[in-house]
Amino acid sequence: MDGHLLEVKGLSITFTQYERGLRRVSLPVIRDLGVTVDRGEMVAVIGSSGSGKSLLAHAVMGILPYNASAEGEIRYQGEILTEKRKKALRGRELVLVPQSVSYLDPLMRVGEQVKNGRKGRKWEEACRRVLGSYGLGPETESLYPFQLSGGMTRRVLISTAVMENPRLVIADEPTPGLHPEAAKRVLGHFREMTEAGAGVLLITHDLNLALQTADRVVVLYAGTAVEETDSRAFCREETLYHPYTRALYRAMPEHGFKSEPGSQPYVKELPSGCPYRPRCAMAGPECAGPVPLRKTDRGWVRCVRKEGEA
Amino acid sequence: MENAKWIGMQLLRMAVLLAAVTVTVFVLLSLSPIDPLTTNVGQTALGSMSGEQVERLKEYWGVGTPAAARFLGWARDFLRGDMGISLLYRRPVAQVIGERFFNSVWLMIWAWLLSGFMGFGLGILAGRKRGGTADRLVTGYCLLTASTPAFWIAMVLLMIFAVWLKWLPIGLAVPIGTAADEVGLGDRIYHMILPALALSLTGISSVALHTREKLAAVMESDYVLFARARGESERSILVRHGLKNIALPAMTLQFASVSEIFGGSVLVEQVFSYPGLGQAAVTAGLGSDVPLLMGITVITAAVVFGGNTAANILYGLIDPRMRKGRKKG
Ligand SMILES: Nc1ncnc2c1ncn2[C@@H]1O[C@H](COP(=O)(O)OP(=O)(O)OP(=O)(O)O)[C@@H](O)[C@H]1O
Ligand SMILES: [Mg+2]
């Protein structure tokens, strides 16, 4: 399949760390991850804390920390996204909405950061307009990040992206801290961008929110993408194929709020094969081996079980 | 109103500090095993004197008077603005300190500026990219000099540049045998190069290492990542985000380093026979010249305190978090 706006294939991210006694350890935090985003499409990546969502975003933007190494292929508009291309595109066609206030310079006023150093009437007006559209008055421009509330920070971070004219937006948890009304408006803005032809990769741990606005959903578990499907598949449990996706479904408030016992393993204690194996009710010995990707009617799933098998 | 209160507090703190420091020095002096008479007059000379003469000398050097009484006497005069007469130099302490202070300050300002700017520059070079070639060179150099005492560096410099190469003078602040009013600025600078260099070297490494650490942390911070993600060039990142965020800690460190420079100057002045405050302090301490030592102590403490206060004030003026915080609070 050609012509995806963004195509991530076989992405693996490994951290190198030194432990006590100068022992070198490799932490494979993301393994063999694939995601695509098309023009005019919003794809949600969902996963719990620590599943590697931010790292995926950072890998695409080319801002992984120095002790991380990435393998795999990232294509943008069909061509490999090299470091050089990333440098040329980011901030213009390729924008990131970062996750927290720490991504704002603590000693720089908000207006200055939204304008990103650009001077002139045009940018001042644009800045005022964009902040205004999120209910932030002109006085916000002269505030420092430490003077912002959580919700205000979120809106400032989103404003930095909206100031540009992006083709691809990667939004890392853009909504926590916003009241539902504001969260809807933010997602509405992203929706408008997709209607204008841009692609949005929405990173979130809020399944409900993802299902309300995204076209497709990729489920991440402990650094592995376990299933990709369309949002409507979440209407019924039977149309979901991975046991973890089903567990997420059952944990939704309208489906009984049932949470599975256990928790996502930390990278150091990762089992071989399927990372969900220790918690999976259907796990068998074959789950410990390599788990290939299998096509489904709505996307793909990474599970050795066929539907109906138990 | 707020500011007046703050200044009042600072003055009060300074007064308390000075009181504590002077008392400490006095106690230490009175515990000192050095007998001022034997040291300054000499055993033989004392032996040949009449009892009356010895008594007079004893009175002059304050032997026999209880320390507390001497301290109170000194403090009373000091508060009236009289720093007393130096016992060794037989001149008013204020005068001796005045000359020495000028020499020292001249030396220390240069050393201070040199270590500040060089340290900051090297720190930026190193911290831009942790683990890079520049970083390894600068860190190596810094670790080497930071672990070397200032007086040792002073002696090495002295050997190389004054003894072997004969480029620079061996010591003193002015050429020997020249009248004070004939000494030009050139002479002063010429005599000051080596001591200032020696004094600044260890300072450079501590400023550089701190700056490097801070800058490296900033360059790995989330907000620099985000700046990169927004297409800012490395250069612009360094200027717009890096420098601003390390300027504050660097400035504080620089003002706080006044005390280190003062400490270092005592030894460096000794090595270069540089007639500054540090050297006078050593002479006064060894010779039990109580008024002079007390005078130097007070001045030194005041300057160091001033450096630290300046750091605080600057921090409050520049850092918006502190500035707004104080307005609110
Ligand atoms: N610099 C680093 N060095 C080592 N491990 C790291 C580093 N950064 C992240 N990790 C690890 O990588 C994993 C994924 O981190 P990531 O920030 O992508 O999680 P996330 O899915 O975004 O979580 P959250 O929802 O909390 O933001 C975590 O287990 C984390 O401990
Ligand atoms: Mg994250």
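Residues numbered from 1 in each chain as written. Chains lettered and ligands numbered in written order. Predicted model: local features only at pLDDT ≥ 70, side-chain atom pairs only at ≥ 80, totals over all residues. Heavy atoms only, no water.

1. Details of the coordination of the magnesium ion (ligand 2)
All names here are of chain A. Surrounding the magnesium ion (ligand 2) are the protein donor atoms S54 (OG) and Q99 (OE1), which sit 1.9 to 2.3 Å from the metal. One end of the pair, S54, is in helix α1 (residues 53-61); the other, Q99, is in the loop between β6 (94-97) and α3 (110-115), with 45 residues separating them in the sequence. Since its relative accessible area comes to 21%, S54 is described here as partly exposed. Assessed through its relative accessible area of 29%, Q99 is described here as partly exposed. (Donors = N, O, S within 2.8 Å, 3.2 Å for Na, K, Ca; no water. Helix = DSSP H or I, 4+ residues; strand = E, 2+ residues; numbered from the N terminus. Buried < 20%, exposed > 50% of the residue type's maximum accessible area, 1.4 Å probe, protein only.)

2. Looking at the site of ligand 1
All names here are of chain A. Neighbouring residues of ligand 1: 16 residues in total, closest S49, G50, K53, S54 and Q99. One of the side-chain nitrogen or oxygen atoms of S49 is found 2.5 Å away from an oxygen atom of ligand 1. The contact in question runs from an oxygen atom of ligand 1 to an N or O atom on the side chain of Q99, over 2.8 Å. For ligand 1, whose accessible area on its own is 640 Å², the fraction buried by protein is 73%. If you tally residues by element for the shell around ligand 1, the top one is α1, at 3 residues. Across the shell around ligand 1, the residue classes tally to 5 nonpolar, 9 polar and 2 charged. (Near = heavy atom within 4 Å. Polar contact = N/O pair within 3.5 Å; in protein donor to acceptor, adjacent residues only side chain to side chain. Areas by Shrake-Rupley, 256 points an atom, 1.4 Å probe, with all protein chains shown as cover. Nonpolar A, V, L, I, M, F, W, Y, C, P; charged D, E, K, R; others polar.)

3. Section: the packing of helix α6 (residues 93-127) of chain B against helix α12 (residues 258-271) of chain B
Residues and elements named next belong to chain B. With their axes 10 Å apart at the nearest point, α6 and α12 run at an angle of 125° to one another. With respect to their mutual orientation, α6 and α12 come out oblique. Of the two elements, α6 crosses α12, and the hand of that crossing is right-handed. Where α6 abuts α12, its residues S104, L107, M108, A111, W112 and S115 lie against V258, I261, F262, S265 and E269. Broken down by class, the residue content of the contact of α6 with α12 amounts to 7 nonpolar, 3 polar and 1 charged. (Axes fitted to C-alpha atoms, helices over the stretch in contact; angles between N-to-C directions. Parallel < 35°, antiparallel > 145°, perpendicular 65-115°, else oblique. Left-handed = near helix turned anticlockwise from the far one by under 90°. Contact = heavy atoms within 4.5 Å.)

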